[in-house]
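Report on the structure
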Amino acid sequence: MFKAKVLLVGPSESGKTVLANFLSDATETVGGEYNPTQGVRILEFESSNVPNVNGSNRSSGCEVELWDCGGDQKFEACWPAMMKDSHGVVIIFNPELPSHLKETEMWYASFVQQQHLQDNQCLLIAHHKPGSGADKNRPLLAASLTKLKLLHSSLEEDPEDVRTEFLKFLGGVITSLSESREREEMSIITRYQEQDLQRMSESIAF
Ligand SMILES: Nc1nc2c(ncn2[C@@H]2O[C@H](COP(=O)(O)OP(=O)(O)OP(=O)(O)O)[C@@H](O)[C@H]2O)c(=O)[nH]1
Ligand SMILES: [Mg+2]
C-alpha cells in the first residue's frame, strides 16, 4: 500500500484545519473558535477507495499523512522540514479575500515549484465558509496558477463533493508516485544490464 504525504498550506484562517479534520474524519466538530495552527499538525488516516486514474475501474488503498500547516509566515523557517519528501500539496484560500488570491502564488512557488512537483501533484481549494458568497467561478489568480485544478469547497452545502474530489486528487498523486517508482526500478535494472554487457564483452576480448 502506498503512503502519501500531502501538505495543506495557504493563508491564515482559510480553513485548512477545518478541512484537515473533515478529510481525516477527525472527531472535532467543524466550526467553533479559531485557533491558529502553531507550526504543523500531522493527521494520519487510511483510505480504501482512492480512484485509479489510469483507466482501470479498480480503486486502491492508501495511507495518508495529512500535514495541516500553520498559515502564518512566521513559520517559514519550518517550511523545508514540512516540504521534505512530500508527494502532494493542497493550497487552501478564501476566494473572497484579495489578499488571499495574491498570497496563493507565493504558496505555489514555495511549496510546489521549489520542490519540482508536477502540476497534478497540486490542488487549489477555494474554501467557502458558511454565510460567505457562493460565487463558483474561477477566482482571478496569478497566471502561473491557471493550469492547476481548482475545487470549490463548501462543507455546509456539499461536503461529499469535497471528499470525492480530494480522493481523485490523491489517485493522481499515487499514480505519479508509482510511475516514478517504476522509472527508478527500470533505471537500476538498465544500469545493471549495461554493466553485465560490459563485463561480457571484456571477457570475450580476453
Ligand atoms: N462552520 C464552519 N466554520 C469554518 C469553516 N471553515 C473555516 N471555518 C472557521 O474559520 C476559522 C478558521 O479556520 P481554520 O481551519 O482554523 O483556519 P486555518 O487555515 O487552519 O488557519 P491557520 O491554522 O492559522 O493557518 C475557524 O474559526 C473555523 O471554525 C467551515 O467550513 N464551516
Ligand atoms: Mg490551522
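These numbers come from a predicted model, not from an experiment. Position labels on residues start from 1 in each chain and follow its written sequence. Labels follow written order: the first chain is A, the first ligand is 1, and so on. A pLDDT threshold of at least 70 governs which residues receive local features in this predicted model, and a stricter bar of 80 or more applies before side-chain atom pairs are shown or counted, although totals over entire chains, interfaces and linings include all residues.

**Observations concerning the overall build of the protein chain**
How we decide: Labels follow the DSSP assignment, with helices taken as runs of H or I lasting at least four residues and strands as runs of E lasting at least two, numbered in each case from the N terminus. Partly exposed residues are those whose C-beta has more than 12 but fewer than 20 other C-beta atoms within 10 Å; with 20 or more the residue is buried, with 12 or fewer it is exposed, and the C-beta atoms are placed from the backbone.
Helix and strand content of the protein chain: four helices and six strands. Counting from the amino terminus, the protein chain carries its helices and strands in the arrangement β-α-β-β-α-β-α-β-β-α. Judged by the C-alpha coordinates and their principal axes, the protein chain covers about 80 × 35 × 30 Å. The buried share among the 206 residues of the protein chain stands at 31%.

**Some words on the site of ligand 1**
Filter applied, for reference: Only the C-beta atom matters for this test: placed from the backbone, it must lie within 6 Å of a molecule or strand for the residue to be near it. In this classification, Asp, Glu, Lys and Arg are treated as charged, Ala, Val, Leu, Ile, Met, Phe, Trp, Tyr, Cys and Pro as nonpolar, and every other residue, Gly included, as polar.
Around ligand 1 lies a shell of 20 residues, among which Thr 17, Gly 31, Tyr 34, Thr 37 and Gly 71 are the nearest. Counted by class, the shell around ligand 1 contains six nonpolar, nine polar and five charged residues.

**Looking at the nonpolar core**
Condition: By our criterion, buried Ala, Val, Leu, Ile, Met, Phe, Trp, Tyr and Cys residues that link up through C-beta atoms within 7 Å make up a nonpolar core. Any residue pair is listed as a contact if its two C-beta atoms, each placed from the backbone, are within 7 Å.
If you look at the biggest cluster of nonpolar residues, it comprises 39 residues, and the most contacted ones within it are Leu 7, Leu 8, Val 90, Ile 91 and Leu 170. Sort the elements by how many residues they give to this core and helix α4 (residues 159-205) lands first, with six residues. Other than its neighbours up to four places away in sequence, Leu 7 contacts Trp 67, Cys 69, Met 82, Ser 86, Val 89, Val 90 and Phe 111.

**Here's the deal with the environment of Ser 153**
With respect to the element layout, Ser 153 can be found in strand β6 (residues 149-153). Sequence separation of Ser 153 and Ile 92 is 61 residues, and the distance between their C-alpha atoms is 9.6 Å. If sequence neighbours within four positions are ignored, Ser 153 has contacts with Leu 19, Ile 125, His 127, His 128 and Val 162.

**Focus: α4**
For clarity, the threshold we go by: By definition here, a helix of n residues has an expected span of 1.5 Å times n minus one.
The terminal C-alpha atoms of α4, which comprises 47 residues, lie 69 Å apart, in line with the 69 Å expected from a rise of 1.5 Å per residue. Of the positions making up α4, those classed as buried are Val 162, Phe 166, Phe 169, Leu 170, Gly 172, Val 173 and Ile 174.

**What to know about helix α3 (residues 98-113)**
Compared with an ideal rise of 1.5 Å per residue, which puts 16 residues at 22 Å, α3 spans 22 Å between its outermost C-alpha atoms and is within 8% of the ideal. When α3 is considered as a whole, its buried residues turn out to be His 100, Thr 104, Trp 107, Tyr 108, Phe 111 and Val 112.

**Regarding the environment of Gln 118**
Along the chain, the position of Gln 118 falls in the loop between α3 and β5 (122-127). Using a count of 12 C-beta atoms within 10 Å as the deciding quantity, one classes Gln 118 as exposed. Each C-alpha atom of the pair Gln 118 and Gly 88 lies 9.0 Å from the other, and the pair is 30 residues apart in sequence.

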